[in-house]
Each structure stands twice: as C-alpha cells, then as structure tokens.
Amino acid sequence: MSFRPLHDRVLVRRVEAEEKTAGGIIIPDTAKEKPQEGEVVAAGSGLKSEDGKVTPLDVKAGDRILFGKWSGTEVKINGEDLLIMKESDILGIVG
C-alpha cells in the first residue's frame, strides 16, 4: 500500500465481528454493529511538540487495537474500506 498517515494518525482495518452469538444464534447483517476492534495497517511518524521534538507512537503496523465506537474517518483506499484516526482515539492494544 502506498499510503502513509501523517503525524499522530494511524490507518486501521476493521476486524470482522462474529457471525453468531455464544448460544449459537446467527446474527443477521442488519442487526450487526460495526466492530470496535481493528488492525493497524500503517502509522504516522509521531506527534511533534512545540520545541520540535517528535514523540513516536505507541502503536505500529500489525498491532490489534480497540477503539471507540464513533472514532476515526472512513476512507476507501485501493477498493478497501479503512479508518484513519488519531492515536488518542485508540483505547488499547489487544495482546
């Protein structure tokens, strides 16, 4: 992919949610919520402080993350639906 986010932004691919519940009930597409888990595809270089120093990001490409329900901006790159969000919108890294 030839896209690189700037500064403290990351490019995220959503991870698909389960098709059925733990009890075995199949969830139709209309009732599914968008997943709040994703994989970092690309990350920016870091946030620049007022004195010019760059603070690197805590996430890197390949990390699985959790993010807020309404976080990020949806974009389509090379026919794939992705999200661009600031690092501060990320809630945590899934180990």
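This structure is a prediction, so every number in the text was calculated from the model and none was measured.

A. Representation of the pattern of salt bridges in the model. In the structure shown here, the tally under the stated rule is seven salt bridges. For the salt bridge of glutamate 80 with arginine 13, the shortest nitrogen-to-oxygen distance reads 2.5 Å. Taken together, the residues span a long stretch of sequence, with glutamate 80 in strand 7 (residues 80-86) and arginine 13 in strand 1 (residues 9-14) at a distance of 67 residues. For aspartate 81, the salt bridge is made with lysine 76, and the minimal N-O distance between the two is 3.9 Å. Judged by relative accessible area, aspartate 81 falls into the exposed class, the value being 57%.

B. How the structure looks around the pairing of strand 6 (residues 73-77). Sheet analysis places strand 6 next to strand 7, joined by five bridges and oriented antiparallel. Among the inter-strand pairings, lysine 76 is bridged to a residue of strand 7, identified as aspartate 81. Between strand 6 and strand 7, which pair antiparallel in sequence order, lie two residues; one of them, asparagine 78, sits at a positive phi of approximately 55°.

C. Quick peek at a nonpolar patch on the surface. Judged by side-chain polarity, Leu66, Leu91 and Val94 come together as a nonpolar surface patch covering roughly 270 Å² of accessible area. Relative to the assigned elements, leucine 91 resides in strand 8 (residues 90-94). With relative accessibility at 65%, the residue leucine 91 sits in the exposed group.

D. Quick peek at the side chain of aspartate 63. Of note, aspartate 63 is situated in the loop between strand 4 (54-55) and strand 5 (64-67). Sequence-distant contacts of aspartate 63, defined by excluding residues within four places in its chain, comprise Gly38, Glu39, Val40, Asp58 and Ile93.

E. Structural view of the pairing of strand 2 (residues 37-43). Taken together, the five bridges between strand 1 and strand 2 define a ladder with antiparallel strand orientation. By the bridge assignment for strand 2, leucine 11 is matched with alanine 42. Where strand 2 lies against strand 5, three bridges are found, and the strand directions are antiparallel. By the bridge assignment, glutamate 37 is partnered in strand 5 with leucine 66.

F. Representation of the sheet that holds strand 5. Taken in spatial order, the six strands of this open sheet run 6-7-1-2-5-8, and their pairing is antiparallel. In the strand order of this sheet, the two ends are held by strand 6 and strand 8, each with one partner. Taking each pair of neighbouring strands and ignoring which way they run, the sheet shows an average axis angle of 45°.

Criteria and cut-off values
- Within each chain, residue numbers correspond to sequence positions counted from 1 in written order.
- The predicted nature of this model means local features are confined to residues of pLDDT at least 70 and side-chain atom pairs, given and counted, to a pLDDT of 80 or more, with totals for whole chains, interfaces and linings taken over all residues.
- The basis for every side-chain value is the complete set of non-hydrogen atoms in the structure, without hydrogens or water.
- Here a salt bridge means any side-chain nitrogen of Lys or Arg lying within 4 Å of a carboxyl oxygen belonging to Asp or Glu.
- Think of it this way: any DSSP run of H or I at least four residues long counts as a helix, any run of E at least two long counts as a strand, and we number them from the N terminus.
- Working definition: with a 1.4 Å probe on protein chains only, accessible area under 20% of the residue-type maximum means buried, over 50% means exposed, and in between means partly exposed.
- Pairing between strands is defined by DSSP: at least two bridges between them are needed.
- Here, patches come from residues exposed beyond 30% relative accessible area and free of salt bridges, joined within 9 Å for like charges and within 5 Å for nonpolar side chains (Val, Leu, Ile, Met, Phe, Trp, Tyr).
- Only the protein chains shown count as cover for residues, and all accessible areas are computed by the Shrake-Rupley method using a 1.4 Å probe.
- Any pair of residues with heavy atoms lying within 4.5 Å of one another is described as a contacting pair.
- Between N-to-C directions, angles span 0 to 180 degrees; the directions come from axes that are lines fitted to C-alpha atoms, helices contributing only their stretch in contact.

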